[in-house]
Amino acid sequence: MPHIKLPDGLQGIRSAMAFRPETAKPLNELAEALLHAPNSLPQADRELIATYVSHLNDCYFCQTVHGSIAAACLNDDYELVARVKADFQVADISEKLKSLLVIAAKVQKGGKSVTAADVEAARAQGATDIEIHDTVLIAAAFCMYNRYVDGLDTWQPQEEELYRERGKKTAREGYVVMSREYLPDQTAQAK
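Below: a short report on this structure. None of these values were measured; they are calculated from a predicted model. (Residues numbered from 1 in each chain as written. Predicted model: local features only at pLDDT ≥ 70, side-chain atom pairs only at ≥ 80, totals over all residues. Heavy atoms only, no water.)

Observations regarding the nonpolar core
Link 1 in the chain: Ile49, Val84, Ile93, Leu100 and Leu101 are the most contacted members of the largest nonpolar core, which has 53 residues in total.
Link 2 in the chain: With eight residues, helix H8 (residues 129-151) is the largest single contributor of residues to this core.
Link 3 in the chain: In contact with Ile93, other than residues within four places in its own chain, are Leu80, Val84, Phe88, Lys98 and Leu101. (Core = buried A, V, L, I, M, F, W, Y, C linked by side-chain atoms within 4.5 Å. Buried < 20%, exposed > 50% of the residue type's maximum accessible area, 1.4 Å probe, protein only. Helix = DSSP H or I, 4+ residues; strand = E, 2+ residues; numbered from the N terminus. Contact = heavy atoms within 4.5 Å.)

Okay, here's the thing in structure tokens:
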């Protein structure tokens, strides 16, 4: 039961965003820029970073929905997503992504935990400054998103299958487009 009266029938962050569309717009735009927009780091990798941080924060909704988006980007490889959450060091992912996940995990604990050696290790695996920047920002943003979802005690159905189709659609269409399903028409309100 959510701590405040949120719109019925919307899972996780979608209900909180529908409650306050003014704050939803920049949050969706940030997710779009970090996770969906063109980037040298593949969309699947960026979604795995979001999934892993959400897993560390024990946010069921975010780790499940972003894990579904990552899997959709990986030809429905839900097993790989599960392996990354369980122990990314032995998962079949690039060494570059492993080094970025080290940084993301440290940001999740506290930004000052990231060391120059962590950054140099990522660079040694081919990570660019933009990719390192975006990894830190994805990790920091998902600490916020996770706390937003769980801090309001949003509705988070436990049936993972409910997240899979939405994950495929979000992987294709992105966050801003998907937000149109649950947010009032922003252009109509501006008139």
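Next comes the rest of the write-up.
Regarding the side chain of Glu32
Link 1 in the chain: Of note, Glu32 is situated in helix H2 (residues 21-36).
Link 2 in the chain: For Glu32, the side chain forms a polar contact with the main-chain nitrogen of Tyr175, separated by 2.7 Å.
Link 3 in the chain: Engagement of the side chain of Glu32 in a polar contact is seen with the backbone nitrogen of Val176, the distance being 3.1 Å.
Link 4 in the chain: Every residue in contact with Glu32, bar those within four places of it in the chain, is listed here: Ala37, Gly174, Tyr175 and Val176. (Polar contact = N/O pair within 3.5 Å; in protein donor to acceptor, adjacent residues only side chain to side chain.)

Quick word on the packing of H2 against helix H3 (residues 43-56)
Link 1 in the chain: Contact geometry for H2 and H3: axes closest at 8 Å, N-to-C directions at 125°. If you check the angle between H2 and H3, you find them oblique. Taken together, the residues of H3 that come into contact with H2 (itself represented by Ala33, Leu34, Leu35 and His36) are Gln43, Arg46, Glu47 and Ala50.
Link 2 in the chain: Along the lines of polarity and charge, the residues of the contact of H2 with H3 split into four nonpolar, two polar and two charged. (Axes fitted to C-alpha atoms, helices over the stretch in contact; angles between N-to-C directions. Parallel < 35°, antiparallel > 145°, perpendicular 65-115°, else oblique. Nonpolar A, V, L, I, M, F, W, Y, C, P; charged D, E, K, R; others polar.)

What about empty space enclosed by the protein?
Link 1 in the chain: By the definition in use, this model includes one cavity of 30 Å³ or more.
Link 2 in the chain: Taken as a whole, the largest cavity holds about 250 Å³ of empty space.
Link 3 in the chain: For the largest cavity, the lining is made up of 20 residues, of which Ile13, Asn28, His66, Tyr175 and Tyr182 are closest to its centre.
Link 4 in the chain: Only helix H1 (12-19), H2, helix H4 (60-73), H8, helix H9 (161-173) and helix H10 (175-179) provide two or more residues apiece to the lining of the largest cavity.
Link 5 in the chain: Ranked by the residues each element gives to the lining of the largest cavity, the list is headed by H4, at five residues.
Link 6 in the chain: A per-class count over the lining of the largest cavity returns 14 nonpolar, four polar and two charged. (1 Å grid on protein atoms, 1.4 Å probe; cavity = no way out; pocket = protein on both sides within 12 Å on 5 of 7 lines; lining within 4 Å. Points joined across faces, edges and corners; volume = space filled by probe spheres on them.)

Focus on the packing of H3 against helix H5 (residues 78-87)
Helix packing geometry: the angle between the two helix axes and the distance between the axes.
Link 1 in the chain: Remark: H3 packs on H5, axes separated minimally by 9 Å, with the N-to-C direction vectors making an angle of 50°. For the element pair H3 / H5, the angle class is oblique. Where H3 crosses over H5, the two elements pack in a sense that is right-handed. Two secondary-structure elements touch here, H3 through Leu48, Thr51, Tyr52 and His55 and H5 through Val81, Val84 and Lys85.
Link 2 in the chain: Residue classes in the contact of H3 with H5 are distributed as four nonpolar, two polar and one charged. (Left-handed = near helix turned anticlockwise from the far one by under 90°.)

Thoughts on helix H6 (residues 95-109)
Link 1 in the chain: The end-to-end C-alpha distance of H6, which contains 15 residues, comes to 22 Å, matching closely the 21 Å that a straight helix rising 1.5 Å per residue would cover.
Link 2 in the chain: Among the 15 residues of H6, 11 are classified as buried, and the element is accordingly described as predominantly covered.
Link 3 in the chain: For H6, the full list of buried residues reads Lys96, Leu97, Lys98, Ser99, Leu100, Leu101, Ile103, Ala104, Ala105, Val107 and Gln108.
Link 4 in the chain: Contacts from the buried residues of H6 go to H3, H5, helix H7 (116-124) and H8. (Expected span 1.5 Å × (residues − 1).)

Focus: the side chain of Asn57
Link 1 in the chain: With respect to the element layout, Asn57 can be found in the loop between H3 and H4.
Link 2 in the chain: A polar side-chain atom of Asn57 sits 2.8 Å from a polar atom in the side chain of Asn146.
Link 3 in the chain: Excluding residues within four positions of it along the chain, Asn57 makes contact with Gln108, Phe142, Cys143, Asn146 and Arg147.

Brief notes about the pattern of salt bridges
Link 1 in the chain: Taken as a whole, this structure holds 13 salt bridges when the rule is applied.
Link 2 in the chain: Here Glu22 ties to Arg20 by a salt bridge, and the two come within 3.3 Å at their closest N and O atoms.
Link 3 in the chain: The exposure class assigned to Glu22 is exposed, which follows from its relative accessible area of 56%.
Link 4 in the chain: Relative accessible area serves as the criterion here: at 40%, Arg20 is assigned to the partly exposed category.
Link 5 in the chain: Here Glu165 ties to Lys168 by a salt bridge, and the two come within 3.7 Å at their closest N and O atoms. Taken together, the residues Glu165 and Lys168, both in helix H9 and three residues apart, mark about one turn of the helix. (Salt bridge = Lys/Arg side-chain N within 4 Å of Asp/Glu carboxyl O.)

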